[in-house]
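Report on the structure
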Amino acid sequence: MIVETGHYALVLALALALVNAVIPIWGARRHDPQLMAVAPSVAVMTFVLIAYAFFALTYAHVVSDFSVANVVENSHSAKPLIYKISGVWGNHEGSMLLWVLILAIFGAAVALFSRNMPDELRANVLAMQSWIGAAFLLFILLTSNPFARLAQPPAEGQDLNPLLQDPGLAIHPPLLYLGYVGLSITFSFAAAALISGRIDAAWARYVRPWTLIAWIFLTLGIAMGSYWAYYTLGWGGFWFWDPVENASLMPWLAATALLHCAAVMEKREALRVWTIFLAILAFSLSLIGTFLVRSGVLTSVHAFASDPQRGVFILVILTGFIGGSLALFAFRAGELKQGGIFAPVSREGALVLNNLLLTAACATVFVGTLYPLALEALTGEKISVGAPFFNATFVPLFLPLFFAMPIGQMLAWKRGDLLGAAQRLMVALGCGVVAALIFAAWHGAPWASYCLAGLSVYVIVGSFTDLAGRVFADNASHAWHRATGLPRSAWGTAFAHAGLAVTLLGLAATGWGVDRVLTVRAGETIALGPYEVSVLGLVPEQGPNYSALSAPSIIRKGGVAVAKIVPESRFYPSRRMSRAEAGIATLGFGQVYMSIGGASPDGAIDARLYWKPLVSLIWLGALIMGFGGLLSLSDRRLRIGVARRARVAPVPPGAQPAE
Amino acid sequence: MLWIIFALLTGIAIFSVLWPLARAPRRQNEVERDIAFYEERLGEIDREVERALIAPEDAKAVKAEAARRLLVSADQDKAPAQVSQTRVRLATALGLVLIPAVALGLYARVGHPDWPDLPLQARLDSEPGRMDLATAIAKVEAHLAQNPSDGRGYEVLVPAYLRIGRVEDAVRAASTALRLLGDSPERLSLYGETLVYAAQGVVTKEAQEAFTKAVAKGALVPKASLYLGLAAEQDGDKPRALAIWKKLLADAPTAPWAESLRQKLIALSSEEGPQSTPEGAAIAAMPEGDRDAVIRGMVDRLATRLAQNGQDLEGWLRLVRAYKVLNEADKARTALDEARRNLGNDPAATARIDALAHELGLEG
């Protein structure tokens, strides 16, 4: 009964989304507050219904209800509870349900937390969000219904793809979806602004927190996915320029540009065309990502069960939303008057450069991802566009960005002083050069590694130069007071920029790694960079729904044991698949990584061993970026609603208003 | 109960549309908000000048810009709020009609309101017999995961897989057993049999090869010969089929399946009479233990079906015969009584039931 009521709740949510796609827009056009008031209430109810449907599907997975086809195809009664739950979205149908759930969460959040927004804007935003929701709910119910039932339930399920049986599945998709779908809100804001024709600084301020939230989740989601691939695919790579990864990188680049651009629009009401365009672009790219992954155009671990019918359906949704919004954009573009004027060398000018570089980088990734697909579709020829292409195109676009990042932070609005900024950055530049020399002396070749490491140190120091100058201006004893007095968004910028540089440092250090692929036996010791790894033995083990062979090993440095790792090679009988579970020890910021393959009859195993100095910085950098985003999100500027309400509240006689 | 919940859900969904339409709408003061935003911005510009993010000489211009924006936006806010009862009524009607119509209409297409939840544990509790086989299979599978070179385990799994319909797995297990234990005639014919199942009763070329190899080993392998005969029959080569089966009968005239094969031969020579299915022949060829298990499974299914729908005379007759063959005279008598009770008002049927009872010596 829970299953069918969940199913019904989902259908009902579609009906509500359709209602909410019509009434609020109608109300906004007629300036009718009564009709516009429908939007938030229905948005919250849609969320409740979809959340119930999601609960129902989760329940079916947890109790192994094999009358639900989705459970049969992706679960197994012996699977540990956490994978029964995360298995809900470890498949096409369930992940689409998670997608609309997050869509509804964002809709409800706008309804509940944007009371201060102008009614018309809120009504139009929620109506746009409902259009998107209705399209995807229809897609789910007609082509990928997670509640499809089986009249003859089998005795056991087919189990989840072993690659997905990992705590990563519990975290990576929800984070990434919060990012992807979060961009739907910025898209809805852009469409709402285009519909109403009010595209001003206030709009930019309302949209900024949502862009930030989406960006934070997208950043963390991508980083988490990359770390998951790193420890689970068994060969130590963390980014493959795989089309699915690119599909998440493109919206990230667009969202990053949007984030910066919205700041300009908010402060100076300039770059309006850019901002609206980037908001549309970011969500369009995440829709294209969805299309690539779900249509069967690609085959990868993300591509679940693909089906051409779904592909066509998503293509229709995609053309509808992208085409529709671009048409609106073209229609309104003439009305977008130029905002505040600025000199080429200014904060605004720097951010235009940032936009150009980021969109160019985005276009590069787009071409690198879609060209091989288009070529194969047209001529049948298969080509592989991988790291060499992106190293030659993407990297040269990104390097100037790193150089410019601290400079941009130094420039004033309207009119900046490039020479002054450069002078104030001399310390950071000096630090970078010294760091590069130190790294060169310490680790040596390749030259790209120590040059990039120096660049990242320059950016890290440069990110904080301006703030540090203010905090430690004269009297150090007031430093803390002055630090907290600075806007949190300034701190957020510094942390986010530094985080990106930390990631760059981790990437630069890959050049100093050591890897060995060999056959090992119990008792053998392998030299690996500064460490020795001794394999203690080969131990067969039995997991709940797999059997494993593990190779516990001790890592020593100069004869002293520093860590123990237990790489495993697992076999999942119900899917007849093997998967490696790498043994990883984090030593300092570097990692020793070991993964094993199957054992040969004489007791030897194939093993890959890596020493990866500073590798954990890649993901730590993403965490720092996310932290920076959070800091910026907590800035008082974005809480204008709260401040205003305090002001308009009746003030008791004799009391002074706060602030 | 289910429909009550559906009604309740539909009710709250409609309520979420009607409630805001019935309440007095909030009135926003757009101008006041614009002013607040502007003041906020002015304060910010001052702070930015302090932090040298705006040159002091530019501050004035930037502030003027902000003021200009305030004027423009105050200009845009002039449209007065208008509440129209007609629109509210239309929107109410839209909510009242569209929501139930879309929800029930679409749910009727995709939903299964009459299907209950079937959590695994509840099913285990209610169908222990059936799950026992599944559990046993799971146990053997777990054992094999640990000892993947135990060919005997795969051999045991083959008939069990076939019984619960996991034909693909049966083929794989049979071929693994063959690989691990070598090709004895029995294993070859077992493998061939799974291929026949996988091809839904057709003796494919691959299966035929397996059977031919089994026969070539010299020993008497009734199952292989049975299927080879079947293959010939399916190829339309009746004389060859007859020859193979006749030789088989000559070699093993007293085998338990001999009688049914004889009937099959008679049917084939006369081109008439009861049709024998490939499945029947396959069952006949199984080793005794397995065959009994399969037959009992089929008999149980037949009995269950008849218990639900007793109007099937041929079914009852088959069931009684089957019980007799299985040496379960008591069950056969009970089945006879049940048949008479179900078909008592059909004299022709009663007559045939009595005749069968007489034939099998089950009277009284």
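Residues numbered from 1 in each chain as written. Chains lettered and ligands numbered in written order. Predicted model: local features only at pLDDT ≥ 70, side-chain atom pairs only at ≥ 80, totals over all residues. Heavy atoms only, no water.

Some details on the sheet that holds strand 4 (residues 539-542) of chain A
Residue and element names in this part refer to chain A. Across the sheet, which stays open at both edges, the 4 strands sit in the order 4-5-8-9 with antiparallel pairing between neighbours. Every other strand in the sheet has two partners, leaving strand 4 and strand 9 (577-581) as the edge strands with one partner each. This sheet shows a mean twist of 20° between the axes of neighbouring strands, independent of strand direction. As judged from the 5 bridges shared by strand 8 (residues 568-572) and strand 9, these two strands associate in the antiparallel manner. Counterpart to arginine 570 in the pairing with strand 9 is arginine 579. (Pairing = 2+ DSSP bridges. Helix = DSSP H or I, 4+ residues; strand = E, 2+ residues; numbered from the N terminus. Axes fitted to C-alpha atoms, helices over the stretch in contact; angles between N-to-C directions.)

Let's talk about the packing of aromatic side chains
Residues and elements named next belong to chain A. Within the structure shown, the criterion is met by 39 aromatic pairs over all chains. Measuring from ring centre to ring centre gives 5.3 Å for phenylalanine 139 and phenylalanine 313, while their planes differ by 65°; the resulting arrangement is edge-to-face. Note that phenylalanine 139 is positioned in helix 7 (residues 119-143) and phenylalanine 313 in helix 12 (residues 308-333), a separation of 174 residues in sequence. Taken together, a centroid distance of 5.3 Å and an interplanar angle of 65° make the contact between tryptophan 241 and phenylalanine 394 edge-to-face. Of this pair, tryptophan 241 sits in the loop between helix 9 (201-232) and helix 10 (243-268) while phenylalanine 394 is found in helix 14 (residues 387-410), placing the two residues 153 residues apart along the sequence. Through a chain of ring-to-ring contacts, three or more aromatic side chains come together here, namely Tyr227, Tyr230, Tyr231, Phe238, Tyr593, Tyr610 and Trp619. Geometry around tyrosine 610 places lysine 612 over its ring, the cationic atom sitting 5.0 Å from the centre. (Phe/Tyr/Trp six-rings, centres within 6.5 Å; stacked < 30°, edge-to-face > 60°. Lys NZ or Arg CZ within 6 Å of the ring centre and 35° of its normal.)

Some remarks on the domain arrangement of chain A
Residue and element names in this part refer to chain A. Partitioning chain A into structural domains gives domain 1 (1-164), domain 2 (166-323 + 348-408) and domain 3 (514-612). Placing the centre of domain 1 and that of domain 3 at their C-alpha centroids yields a distance of 42 Å. Listed by partner, the interface residues are 12 residues for domain 1 and 7 residues for domain 3. The junction of domain 1 with domain 3 conceals about 830 Å² of combined surface from both sides, 56% of it contributed by carbon and sulfur atoms. Applying the counting criterion to the domain 1 and domain 3 interface returns 0 salt bridges. Scanning the region where domain 1 abuts domain 3 turns up 0 residue pairs in polar contact (both at pLDDT 80 or more). Tallied by class, residues from the side of domain 1 that touches domain 3 come to 5 nonpolar, 4 polar and 3 charged. (Domains from an automatic or database assignment. Contact = heavy atoms within 4.5 Å. Buried area = accessible area lost by both parts, 1.4 Å probe. Salt bridge = Lys/Arg side-chain N within 4 Å of Asp/Glu carboxyl O. Polar contact = N/O pair within 3.5 Å; in protein donor to acceptor, adjacent residues only side chain to side chain. Nonpolar A, V, L, I, M, F, W, Y, C, P; charged D, E, K, R; others polar.)

What about the nonpolar core?
Most often, soluble globular proteins keep nonpolar side chains buried together rather than apart. Among the nonpolar cores identified, the biggest contains 190 residues, and Phe189, Trp203, Trp252, Leu253 and Phe398 of chain A are the most heavily contacted of them. Discounting residues that sit within four places of it in the chain, leucine 253 of chain A has contacts with Leu358, Ala361, Cys362, Val365, Phe394 and Phe398 of chain A. Formed by 45 residues, the second largest nonpolar core is a distinct cluster that contains Val171, Ala173, Leu190 and Leu261 of chain B. (Core = buried A, V, L, I, M, F, W, Y, C linked by side-chain atoms within 4.5 Å. Buried < 20%, exposed > 50% of the residue type's maximum accessible area, 1.4 Å probe, protein only.)

A short note on the interface of chain A and chain B
Contact with chain A, which involves 86 residues of that partner, is made by 81 residues of chain B. Buried surface at the junction of chain A and chain B, summed over both partners, amounts to about 7,200 Å²; 60% is from carbon and sulfur atoms. Looking at the side of chain A facing chain B, the largest losses of area belong to Met1, Tyr8 and Gln34 of chain A, adding up to 11% of the total buried there. For the pair chain A and chain B, the number of links is 6 salt bridges. Between aspartate 32 of chain A and arginine 87 of chain B there is a salt bridge, with the nearest N and O atoms lying 2.9 Å from each other. On inspection of chain A and its partner chain B, the count reaches 22 residue pairs in polar contact (both at pLDDT 80 or more). Where the side of chain A that touches chain B is concerned, the elements lending two or more residues are helix 1 (2-29), helix 2 (33-36), helix 3 (38-62), helix 7, helix 9, helix 10, helix 17 (447-471) and helix 21 (640-648) of chain A. No other element matches helix 1 of chain A, which puts 16 residues into the side of chain A that touches chain B.

Focus on the side chain of glutamine 165 of chain A
By secondary structure assignment, the location of glutamine 165 of chain A is in the loop between helix 7 and helix 8 (167-196). Residue classification places glutamine 165 of chain A among the buried residues on the basis of a relative accessible area of 2%.

As for the pattern of salt bridges
Applying the stated criterion across every chain yields a total of 34 salt bridges over all chains. Residues aspartate 183 of chain B and lysine 217 of chain B are paired through a salt bridge, measuring 3.6 Å at the closest nitrogen-oxygen approach. Here lysine 217 of chain B lies in the loop between helix 10 (205-216) and helix 11 (222-234) and aspartate 183 of chain B lies in the loop between helix 8 (167-181) and helix 9 (185-198), a separation of 34 residues in the sequence. Accessibility expressed as a relative area gives 33% for aspartate 183 of chain B, which makes it partly exposed. Look at the salt bridges and you will find they share partners, linking Arg205, Arg208, Glu266 and Lys267 of chain A together with Arg41, Glu44 and Glu48 of chain B into a network.

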